[in-house]
Amino acid sequence: MSAQIITVIKGDGIGPSIVDAATAILDKVGCNFQYEYVDAGLTALEKTGELLPQATLDAIARNKITLKGPLTTPVGEGFTSINVTLRKKFNLYSNVRPVISFKGTKARYDNIDIITVRENTEGMYSGAGQVVKNDGELAEAMSIVTREGSARIVEFAFELARREQRKKVTIVHKANILKSTSGLFLKTAREVAARYPDIQTVEMIVDNACMQLVMNPQQFDVIVTTNLFGDILSDLCAGLVGGLGMAPGANIGKDCAIFEAVHGSAPDIAGKNLANPSSVILASIQMLEYLGMKDKAQQILAAVTDVIATGDRTTRDLGGTHGTTDFTQAVLERL
Ligand code: NAD
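Here the structure is a predicted model, which means the values were calculated and not measured.

### A closer look at helix α4 (residues 82-89)
Argument step 1. Among the residues of α4, those classed as buried are Ile82, Asn83, Leu86 and Arg87. Buried residues along α4 cover an arc of 135 degrees about the axis, so they all sit on one side.

### Concerning helix α9 (residues 278-290)
Argument step 1. The end-to-end C-alpha separation of α9 is 18 Å, in line with the 18 Å expected for 13 residues at 1.5 Å each.
Argument step 2. Most of α9 sits out of view: eleven of its 13 residues are buried.
Argument step 3. Of all the residues in α9, the buried ones are Ser278, Ser279, Val280, Ile281, Leu282, Ala283, Ser284, Ile285, Gln286, Met287 and Leu288.
Argument step 4. Those residues of α9 hidden inside the fold are in contact with α1 (15-28), β3 (65-68), β11 (248-252), β12 (257-261) and α10 (294-310).
Argument step 5. Gly292 sits one or two residues past α9 and shows a positive phi near 80 degrees.

### Focus: unusual backbone geometry
Glycine aside, the phi torsion of most residues is negative, and most peptide linkages are trans.
Argument step 1. Unlike most non-glycine residues, Asn111 shows phi in positive territory, near 60 degrees.
Argument step 2. Position of Asn111 relative to the elements: it lies in the loop between β4 (94-100) and β5 (113-119).
Argument step 3. Notably, Arg313 is not glycine yet its phi reads approximately 60 degrees, a positive angle.
Argument step 4. Within the fold, Arg313 resides in the loop between α10 and α11 (324-333).
Argument step 5. In this structure Arg313 comes out as partly exposed when scored by C-beta crowding, with 18 C-beta atoms within 10 Å.

### Some words on the packing of α10 against α11
Argument step 1. At a minimum axis separation of 8 Å, α10 and α11 run at an interaxial angle of 125 degrees. Classified by the angle between their axes, α10 and α11 sit oblique to one another. For α10 against α11, the interelement crossing comes out right-handed. Seen from α10, the contacting residues are Ala303, Val304 and Val307; seen from α11, they are Phe327, Ala330 and Val331.
Argument step 2. Residues of the contact of α10 with α11, tallied by class, amount to six nonpolar, no polar and no charged.

### Some points on the nonpolar core
Argument step 1. Core analysis: the largest hydrophobic core is formed by 87 residues, its most contacted members being Ala22, Ala157, Val224 and Ile281.
Argument step 2. In terms of residues, this core owes the most to one element, α9, which gives seven residues.
Argument step 3. The contacts of Ala22, once residues within four sequence positions are left out, are Leu67, Pro277, Val280, Ile281 and Ser284.

### Points about the confidence of the model for the chain
Argument step 1. For the chain, the average pLDDT comes to 95, and 99% of its residues sit at 70 or higher.
Argument step 2. If you check the scores for this complex, the pTM reads 0.95 and the ipTM reads 0.97.

### Observations concerning the sheet that holds strand β8 (residues 168-173)
Argument step 1. Pairing in this open sheet of ten strands is mixed, and the strands run β2-β1-β3-β12-β11-β4-β5-β10-β8-β9 from one edge to the other. Among the strands making up the open sheet, the edge pair consists of β2 (34-38) and β9 (200-205). Averaged over all pairs of adjacent strands, the angle between strand axes in this sheet comes to 20 degrees, irrespective of strand direction.
Argument step 2. In this structure, β11 lies alongside β12, joined through five bridges in antiparallel fashion. Bridge pairing in β12 places Asn251 opposite Ile258.

### Side note on the site of the ligand
Argument step 1. Taken together, the neighbourhood of the ligand is formed by 21 residues, with Pro70, Gly245, His263, Gly264 and Asn276 sitting nearest.
Argument step 2. The class makeup of the residues in the shell around the ligand is nine nonpolar, nine polar and three charged.

### Remarks on the pairing of strand β1 (residues 5-9)
Argument step 1. Within β1, four of the five residues are buried, leaving the element largely enclosed by the surrounding structure.
Argument step 2. In the sheet, β1 pairs with β2 via five bridges, with the strands oriented parallel. In the strand pairing of β2, Ile5 is matched with Gln34.
Argument step 3. Assessed by its sense of winding, the connection that carries the chain from β1 through α1 to β2 is right-handed.

### Here's the deal with the pairing of β12
Argument step 1. Judged by how many residues are buried, β12 sits mostly within the fold: five of five residues are covered.
Argument step 2. With four bridges joining them, β3 and β12 adopt parallel strand pairing. Counterpart to Lys68 in the pairing with β12 is Glu260.
Argument step 3. Here β11 folds back onto β12 in antiparallel fashion, the turn holding four residues.

### Re the environment of Lys168
Argument step 1. Looking at the element boundaries, Lys168 is found in strand β8.
Argument step 2. Once the C-alpha coordinates of Lys168 and Ala257 are considered, the two residues, 89 residues apart in sequence, prove to be 25 Å apart.
Argument step 3. Other than its neighbours up to four places away in sequence, Lys168 contacts Ile199, Gln200, Val202, Asp221 and Val222.

The rules behind each value
Residues numbered from 1 in each chain as written. Predicted model: local features only at pLDDT ≥ 70, side-chain atom pairs only at ≥ 80, totals over all residues. Buried ≥ 20, exposed ≤ 12 C-beta atoms within 10 Å, placed from the backbone. Helix = DSSP H or I, 4+ residues; strand = E, 2+ residues; numbered from the N terminus. Arc of directions from axis to C-beta. Expected span 1.5 Å × (residues − 1). Contact = placed C-beta atoms within 7 Å. Axes fitted to C-alpha atoms, helices over the stretch in contact; angles between N-to-C directions. Parallel < 35°, antiparallel > 145°, perpendicular 65-115°, else oblique. Left-handed = near helix turned anticlockwise from the far one by under 90°. Nonpolar A, V, L, I, M, F, W, Y, C, P; charged D, E, K, R; others polar. Core = buried A, V, L, I, M, F, W, Y, C linked by C-beta atoms within 7 Å. pLDDT = per-residue confidence, 0-100. Pairing = 2+ DSSP bridges. Near = placed C-beta within 6 Å. Right-handed = clockwise from strand over helix to strand, strands pointing away.

This is the structure:
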C-alpha cells in the first residue's frame, strides 16, 4: 500500500518545534506517512511575499489531510486571519476541540472529558459586512447563521456523540437576546436533536454555560455551539485541564481536514525550547483516529499520559522544569 501523504505546515513561533515533535512521534510508532512540507503565515510571507501561497492551498486540496502548527497573522489592516481563510476556503465547517484531564498537570479539576464542537464558517466570523463608518465612530459586522450550516454542525455533534458512545449533547446559544441568529441555530438544533432520542439533549444559554463550566465541568460531555461561542468556550475548557498546551483541534469538512493546536504561535516563548508539544501531539492523535488508525492513536496517548502522570521531563506549563525536546524524548522512549 502506498504511504498516506500528509501536508505539514510547521507554522510560526513555537510551531516548528512542536510540529517536529509530533512527526517524530508519528514516525516512531510506524505510521509510514510521507510528509509534504509547505509554508503559510509569517514564514511564507518572508519567503514568497504571500501569507497563504497557492502551492500551500494546492497541497491541502491534493492530500486532503493536513497537520498544522500555529500561524501568526500580522496585526494591521489588509491581513485577514489565515486560519479563518483556510476554514472557509476548504469548507471545514466543524471544529472539534476535545479536552481531557491528565493526571500530573496543575489543572484545577480531575475527570474532565469534554468535546466542544464549534461551527467553523458562519456566525460572527463570517467576515460579512465589516465596516467602520463615520470617521471611525461606528463599526459594524454581520453575523450570518443559516439553517443548513446549523443543521450540519448539530448533526455532526450528535453523530460524533453516537460514534463515541457519549451520553449527552449540550446545545449552547444566546437565543433569548440574539433572537434571529442564535434563535435560528437553536430552532434548527432542536429539530436535529429530536432525531437522536438515544442521546440526552440539554439547552444552555452561553453565559450560564461559562459559569457551569467553571463550577461543575463534569456535567458536560459534548457541547455544540456557534463559531464565536465555541472559540471562547473551548479556550475556557483548555483552562480546565491545564492550559492551551493541552488543547488540540480538528477542522473537518466533507473533503479535507486540518489538525492543529488550539493555541497560537506563542511569541513570548518562541525559540526558547519551552513550548509544551502535547497540543499538536494530541491533534495528531485526532488525525490518526480520523484515518481509522486507532491502535497507534491509543499507543501515543498512553505514552503522553504516562510522561505527564510521572512528571518525567515535563514542560514548565505542566509544573516541570524541562523543555520541548526533553518532553518529546520522554514520549519517544515509551513508544
Ligand atoms: P497564544 O495562544 O500564542 O499564547 C497565549 C499564551 O499561552 C502565551 O502565554 C503562550 O506562551 C502560552 N502558550 C501557548 N501555547 C503554548 C504551549 N504549547 N506550551 C506552553 N505555553 C503555551 O496567543 P496569542 O499570544 O494571543 O497569539 C499569538 C499569535 O498566534 C497571534 O498572531 C495570533 O493571531 C496567532 N494565533 C494563531 C492560531 C492558530 O494558528 N490556530 C490560534 C490563535 C492565535
